[in-house]
Amino acid sequence: MGAPMAGRLLAAGHTVAVYNRTRARAAPLEALGARVAVDPAGAAAGADIVISMVTDSPDAEAVLLGPGGAVQGATPGVLFIDMSTIAPAAARSIGERLQARAMRFLDAPVTGGDVGARAGTLSILVGGAASDLAQARPVFEALGQRITHCGTVGAGQAMKACNQILCALNLVGVVEALALAEQSGLDGRQLVSALSAGAGGSWALEKLGPRIVAGDFDPGFMVRLIQKDLRIVDAIARDAGLPLEGTSLAAHAFADNEAHGEGALGTQAMWKVLQRRKAAAKP
């Protein structure tokens, strides 16, 4: 996600410095004009806005606040934006620690997948001060089409957790509908075409349905990453005493994927779980 987003910023005329733990992954951005730094502190040096896009809460804390972290290269008053998907509590903690260093912070996770990152059509869910969002808006507009101010720091991550519930449960519906179609002798491609625009339509059906039908399980968003996100959802729900039975069902299916060595496949690999269950249920 980070690389195509950085590419969008370069294409929009922004001056961009980048850091990746695997330097070779930054080479295409360097060819487009980005400065490649040796650590996060170097990437933050001289920047007005510092954006992080990593995998999980500990990664965000390390890249921003750890040894060689971005905060060590940034000047007071700089706006930090974490666009990763992390726990709301982690976002609030990062914001407080940056504020103690006279820095500002937005949590701004995104939805729309790798396709949206390349096309600049992401939905951006923002938590933080309205004045900081106003500064960030030109950057966000290069990355996405819908920018939603969800509330104070951490609210963007809470909204993203809600999004991940919808992603997981919509996929359950897609997989089960395609399985029933197959059992009924229907054409899966026709089902996707016929139902995508109806009341049962969803992003999952439109984008992942064709991949399932084609047997394409290459990742846009990996099973292991949706599982990380659903663990965040589960922690929030447990703290609130909120039973989320549908989400638990989806997480159980993805756990089956992981148990079969499919954690690096795309989330549409949930199809494989249902096929295994179907085979096991046969007399």
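Residues numbered from 1 in each chain as written. Predicted model: local features only at pLDDT ≥ 70, side-chain atom pairs only at ≥ 80, totals over all residues. Heavy atoms only, no water.

Asks: Please give an account of the overall build of the protein that cites residues and values.
Replies: Of the regular secondary structure elements, the protein holds 13 helices and 8 strands. Referenced to the eigenvectors of the C-alpha coordinate spread, the extents of the protein come out at roughly 65 × 45 × 35 Å. When burial is assessed residue by residue, the protein has 43% of its 283 residues classed as buried. Nonlocal contacts in the protein, meaning residues at least 24 apart in sequence, comprise 65% of its contacts between residues at least 6 apart. Surface summary for the protein: the accessible area is close to 13,800 Å², and the carbon and sulfur share equals 55%. Positive and negative side-chain charges in the protein, numbering 25 and 25 respectively, have mean positions lying 3 Å apart. (Helix = DSSP H or I, 4+ residues; strand = E, 2+ residues; numbered from the N terminus. Buried < 20%, exposed > 50% of the residue type's maximum accessible area, 1.4 Å probe, protein only. Contact = heavy atoms within 4.5 Å. Areas by Shrake-Rupley, 256 points an atom, 1.4 Å probe, with all protein chains shown as cover. Lys, Arg positive; Asp, Glu negative; His and termini not counted. Charge placed at Lys NZ, Arg CZ, Asp CG, Glu CD.)

Asks: Just give me the short version of helix α5 (residues 88-99), but keep the residues and values in it.
Replies: Taking 1.5 Å as the rise per residue, α5 with 12 residues should run 16 Å; its terminal C-alpha atoms sit 16 Å apart, in good agreement. Residues Pro-88, Ala-90, Ala-91, Ile-94, Gly-95 and Leu-98 constitute the buried set of α5. Taken around the axis of α5, the buried residues stretch over an arc of 160°, which confines them to a single face. Taken together, the buried residues of α5 touch α4 (57-65), β4 (79-82), β5 (104-107), α8 (155-183) and α11 (223-240). (Expected span 1.5 Å × (residues − 1). Arc of directions from axis to C-beta.)

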